[in-house]
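Per-entry structural report
Chain by chain, the residues:
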Amino acid sequence: MKILTIHSDFLEFEAKKKAFKKAEEGIKEGLQRMEECLVVFTAVEKVDENNVDLAVDRYIEEIEKVLGNLNAKNIVLYPYAHLSSELASPEIAVKILKKAEKELKKFFSVTRAPFGYYKEFELKVKGHP
Ligand code: A3G
């Protein structure tokens with residue numbers, strides 16, 4: 001897994017075009033906006049396929065560590081394939097993101113950007129990236 005975290009005043013994105021047929025269905029249409037959030041751009045990697053639960057645990061641990069230094073109220077899990085050239089299969093990648101979303105939701109306000117789309121986002125970063 002490779003992640004890039006950014007504490008942002010807001011994030012706007014819109015799922016514009018499916019990247020492949022099995023892209024997630026039933027997603028929200030139009031521009032989505034989240035205020036004051038920790039955006040977690042995430043590429044799930046081949047190596048994570050070996051132990052899905054461990055990958056989820058370490059992912060959550062890392063997010064909580066980053067959150068400890070901030071007072072972000074919202075988390076956005078944002079599938080972002082461009083961070084790695086050793087990507088996990090879409091099936092495993094979406095499974096890991098959904099599991100992490102479910103766990104994190106027990107304690108935080110979490111949004112997961114739709115999986116399998118090309119999106120556009122507008123980002124305004126608060127403080128130092
Ligand atoms: C985008 N910027 O990246 N990890 C994360 N996302 C993945 C993966 C993976 N291993 N495989 C597919 N879109 N995706 C937009 C998703 C992700 O939504 C990506 C899209 O599929 C095209 O690769």
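Before any of the text, the structure's been laid out above.
Note that residues are indexed from 1 along each chain, following the sequence as it is written. Since the coordinates come from a predicted model, pLDDT governs what is reported: local features require at least 70, and pairs of side-chain atoms require 80 or more to be given and counted, while whole-chain, interface and lining totals use all residues. No hydrogens and no water enter the side-chain calculation; it runs on all heavy atoms of the structure.

The way it works is that DSSP assigns letters per residue, a run of H or I at least four long becomes a helix, a run of E at least two long becomes a strand, and they are numbered from the N terminus. On a plain count of helices and strands, the chain comes out with two helices and five strands. Each helix and strand of the chain, placed in order from N terminus to C terminus, yields the pattern β-β-α-β-α-β-β. Here the globule rule reads 2.2 Å times residues to the power 0.38, and the radius of gyration is calculated from C-alpha atoms. Rg of the C-alpha trace for the chain: 14 Å, near the compact-globule value of 14 Å for 129 residues, within the 12% margin. Reported as C-alpha extents along the three principal axes, the dimensions of the chain are approximately 35 × 30 × 25 Å.

Let us now look at the site of the ligand. We call a residue near a given molecule or strand whenever any one of its heavy atoms falls within 4 Å of it. Taken together, 15 residues lie near the ligand, and Val44, Ala81, His82, Gly116 and Tyr117 sit nearest. In protein, a polar contact means a hydrogen-donor-capable atom and an acceptor-capable atom, both N or O and within 3.5 Å, with residues adjacent in sequence counting only if both atoms are side-chain atoms; elsewhere, any N or O pair within 3.5 Å suffices. Within the backbone of Val44, an N or O atom sits 2.8 Å from a nitrogen atom of the ligand. A distance of 3.0 Å separates a nitrogen atom of the ligand from a polar atom in the side chain of His82. In isolation the ligand offers 490 Å² of accessible surface; the protein chains occlude 92% of this area. Only the protein chains shown count as cover for residues, with accessible areas throughout obtained via the Shrake-Rupley method and a probe of 1.4 Å.

Our next topic: the packing of aromatic side chains. Each aromatic pair joins two rings of Phe, Tyr and Trp (for Trp, the six-membered one) with centres within 6.5 Å, and gets the label stacked for planes under 30 degrees apart, edge-to-face for over 60, and tilted for any other angle. All chains considered together, the criterion is met by nine aromatic pairs. Grouping aromatic residues by their ring pairs yields a cluster made of Phe13, Phe41, Tyr78, Tyr80 and Phe121. Between the NZ or CZ atom of Arg33 and the centre of the ring of Phe10, over which it lies, the distance is 4.1 Å. Taking NZ or CZ as reference, Lys119 lies 4.6 Å from the ring centre of Tyr78, over its face. Working rule: Lys NZ or Arg CZ, within 6 Å of ring centre, within 35 degrees of ring normal, means a charge sits over the ring.

Here we take up the packing of helix α1 (residues 52–68) against helix α2 (residues 90–104). For every element, the axis is a line fit to its C-alpha atoms; helices are fit only across the contacting stretch, and the angle between N-to-C directions ranges from 0 to 180 degrees. Here α1 crosses α2 at 50°, and the two axes come no closer than 9 Å. Taken together, the axes of α1 and α2 lie oblique to each other. The hand of the α1/α2 crossing is right-handed. Contacts between α1 and α2 involve Val52, Asp53, Ala55, Val56, Tyr59, Ile60 and Ile63 from the former and Ile92, Ile96, Leu97, Lys99, Ala100, Glu103 and Leu104 from the latter. All residues other than Ala, Val, Leu, Ile, Met, Phe, Trp, Tyr, Cys, Pro, Asp, Glu, Lys and Arg, Gly among them, are scored as polar; the first ten of these are nonpolar and the last four charged. Class assignment for the residues of the contact of α1 with α2 results in eleven nonpolar, no polar and three charged. Roughly parallel covers angles under 35 degrees, roughly antiparallel covers those over 145, roughly perpendicular covers 65 to 115, and oblique covers all other angles. Two helices cross in a left-handed way if the nearer one is turned anticlockwise from the farther one by less than a right angle. They cross in a right-handed way if the turn is clockwise. Here a residue-residue contact requires only that any non-hydrogen atoms of the pair lie within 4.5 Å.

Looking now at the nonpolar core. Remark: nonpolar core denotes a set of buried residues (Ala, Val, Leu, Ile, Met, Phe, Trp, Tyr, Cys) joined through side-chain atoms within 4.5 Å. Using a 1.4 Å probe on the protein chains alone, a residue whose accessible area is under 20% of its type maximum counts as buried, one over 50% counts as exposed, and one in between counts as partly exposed. Val40, Tyr59, Ile63, Ile75, Leu77, Ile96 and Leu104 are the most contacted members of the largest nonpolar core, which totals 23 residues. With sequence-adjacent residues up to four places away left out, Ile96 is seen in contact with Met1, Val44, Asp48, Val52, Ala55 and Val56. Core analysis: the second largest hydrophobic core is formed by ten residues, Ile6, Leu11, Met34 and Tyr78 among them.

In this section: α2. Multiplying one less than the number of residues by 1.5 Å gives the expected span of a helix. Its 15 residues give α2 an end-to-end C-alpha distance of 21 Å, which sits within 8% of 21 Å, the value for a rise of 1.5 Å per residue. Of the residues making up α2, those classed as buried are Ile92, Ala93, Val94, Ile96, Leu97, Ala100, Glu101 and Leu104. Close packing links the buried residues of α2 with β2 (32–43), α1, β3 (74–79) and β4 (109–112).

Keep in mind these values describe shape, not function.
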